[in-house]
Structure formats: C-alpha cells, structure tokens
Amino acid sequence: MGVTWTEPETAVAWVKQVKSQTEGLFQVNFVLHFEPTGLDVVLEAGAPIVTFSWGNHWQHKEYVERVQKAGAFVGVQVVSVMGAYAALQHQPDFLICQGVEAGGHVQSSTPIDDFLPGCVEVSRGTPIIGAGGIATGQRIREILKCGASGAMLGTRFVATKESRAHTVYKKALMGRDRTVLTLCFDGGWPGALHRVMPNSTLFEWETAGCPSAPDRPQEGRVVVRSGNSLVHRYEDTAPQIGMEGDIEAMCLYAGTGVGDIHDVPEAEELIERLWRETQA
C-alpha cells in the first residue's frame, strides 16, 4: 500500500479498511525522497509492516527505530550489496533487493541476479526479498534458489481483476514485451528514473530529441480527467479506474516481466497459479 503521496487521514482509513477485512499481514510503503508525514498515524492505526524505499542511510536509522518502537515489522529497499550492508547496521526485520528490471520508479542500475546472492551472504540470516521483473513461478523459484526468503511482484498484480488500474492500462500489459528506463514522465518527481511501456508520449518526446521541460512536445496538455483533478502530459501518475481521456498517453509503468503477462485473473487465482509453477 503506497502512501507516500496520500493524505495521512486517507492512509489511516485504508489501513483500517484492510485490517477489518483480513487477519493477514500487509505492508505500507514510504518513499523517503519525500517526508513520510503519515508514518506515525498509520502505525497508530495498526499497520503491521512498514517498508521504506529511496532515502539515505541515516534516514533509515531514524525511521526503522520509530517503526520497531511501535511494534511493527520494518523492511528497507536496497539496490546493491553495499546498500544492503549499510541498511543492516540499523537492524531492519528484512530487506527488499530491487533490480533494474523493476517497473515504476527504479532505484537500481544493476540486474537483480548480479547482486542478490551477495546481499544474501551479508544478511547473515536477515530475510531477503527479491524484486524486479518477476512475473512467473519459474522466476520466483530462481529468486528463492539464490537464497532469498521471498519474491515481490508488482506489475503482474496490476493485471488482476481487483487492481485499481484502468482497463486500458491492464489490456496494454498483456502481450507487450518491451519496456524502457527513462526520465520522460518526470512530472511530480524530477530526476527519478522509471521503467514504463513505450507509448505515444515517449515516442514524440524521443523524436523531438528528448528535450527538457518546458520545451517538450505538447507540454502542459491535459491528457486525462479524474473527477475534479487533471493529469497533464509527462506527469508520473499511472492510469486508474475512473479516469477519462487519453489513457494510452499516460505513464504506463511496467517491469521487464511484462512479456509473461497474458491474462487478467483474480488475484487469488494468480497467487495459486504462481505457487504451483514455483513448486513445479
């Protein structure tokens, strides 16, 4: 549950809603490039797991301590062996090792297979979760065989019936086999690389020579409306249910595992299928 850009009261309502519907564990995530203003209130609401991505070494120390003091589990996302070693000094409950294959905003510049074994080695028993471009049971098994305790899948679950992603976005994920790591959709988070599927906005921007803002093609044009909110071209907003307009021109986040997505099942069915594939 990403709550970095969510109003604290809304984040609290989400946590309470999920807690009312399951006794299982779930996590909320804060991107430490931005101030985690909702951290204390989601902990008070009973969030059982909190994870942090981006940020720096000393921020991790402060926030890991706050989460553990509240009685919740805490995980830190890392993208290198040295990053894992640094994060482990603050004794998080687990680490998420993200490879460059991941969709969305990408911290890493290294394939997950190149550094995951090293992270497992320095972890000395702290659980490691592998992430980035994972969309099949076979890939999950490979991650586990490297010594990871689990695998994290993002893009594969965007293409499920329960996902809040727009239908056009879900359909675009099926059968696509190419993603790009780019700075095209930097509205809202300048300078942060992100992995997306190629679309008309990206093609026009690259054709124009990849100019910087405010000189990009059709800069500032409204592409989508969502209630009273407007989404402009080059914003980092992903398409969601209820949005109307040129959905294809929006930021279509996807990891490199997108080529393995061929349907939009229910989440429960997908989990069972992935685990059968992993065991097979």
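A short tour of the structure in this document, coming up. Note that this is a predicted model, so its numbers are computed, not measured.

### Examining the pairing of strand S4 (residues 94-98)
And then number 1: Of all five residues that make up S4, five are buried, and the element is covered over most of its length.
And then number 2: Every second residue of S4 is oriented toward a common face, with Phe 94, Ile 96 and Gln 98 on one face and Leu 95 and Cys 97 on the other, all of them buried.
And then number 3: Relative to S4, strand S3 (residues 73-78) runs parallel, the two sharing four bridges. Note on S4: the bridge partner recorded for Gly 75 is Phe 94.
And then number 4: Between the parallel pair S3 and S4, the chain is carried across by helix H4 (residues 81-88), and the sense of this crossover is right-handed.
And then number 5: Taken together, the four bridges between S4 and strand S6 (residues 128-131) define a ladder with parallel strand orientation.

### Some thoughts on the sheet that holds S4
And then number 1: Sheet architecture is open: six strands sit in the order S1-S2-S3-S4-S6-S7, paired in parallel fashion. Each edge of the sheet is formed by a strand with only one pairing partner; in this case those strands are strand S1 (27-31) and strand S7 (150-152). On average, each strand axis in the sheet is inclined to that of its neighbour by 25°, with strand direction left out of account.
And then number 2: Along the sheet, helix H3 (residues 57-69) makes contact with strand S2 (49-53) and S3, crossing S3 at roughly 155°.
And then number 3: Against the sheet, H4 contacts S3 and S4, and its axis sits at roughly 155° relative to S3.

### So, helix H6 (residues 137-145)
And then number 1: Three or more residues of H6 are buried, namely Gly 137, Arg 139, Ile 140 and Ile 143. Take H6 and look down its axis: the buried residues cluster within an arc of 160°, on one side only. Of the exposed residues in H6, the ones pointing more than 90 degrees away from its buried face are Gln 138 and Lys 145.
And then number 2: Contacts made by the buried residues of H6 are with helix H5 (112-123), S6, S7 and helix H10 (267-279).
And then number 3: Just beyond H6, the residue with positive phi is Gly 147, at close to 110°.

### So, the environment of Asp 246
And then number 1: Summarising the element assignment, Asp 246 is placed in the loop between strand S12 (244-245) and H10.
And then number 2: Sequence separation of Asp 246 and Val 224 is 22 residues, and the distance between their C-alpha atoms is 5.9 Å.
And then number 3: With sequence-adjacent residues up to four places away left out, Asp 246 is seen in contact with Arg 221, Val 223 and Val 224.

### Some points on the sheet that holds S12
And then number 1: Here three strands make up an open sheet; going across it, the order is S11-S10-S12 and the pairing antiparallel. Of all strands in the sheet, those with a lone pairing partner are strand S11 (229-232) and S12, marking the two edges.
And then number 2: Relative to S12, strand S10 (residues 222-226) runs antiparallel, the two being bridged by two bridges. Counterpart to Arg 225 in the pairing with S12 is Glu 244.

So, how was this worked out
- Residues numbered from 1 in each chain as written.
- Predicted model: local features only at pLDDT ≥ 70, side-chain atom pairs only at ≥ 80, totals over all residues.
- Heavy atoms only, no water.
- Buried < 20%, exposed > 50% of the residue type's maximum accessible area, 1.4 Å probe, protein only.
- Helix = DSSP H or I, 4+ residues; strand = E, 2+ residues; numbered from the N terminus.
- Pairing = 2+ DSSP bridges.
- Right-handed = clockwise from strand over helix to strand, strands pointing away.
- Axes fitted to C-alpha atoms, helices over the stretch in contact; angles between N-to-C directions.
- Contact = heavy atoms within 4.5 Å.
- Arc of directions from axis to C-beta.

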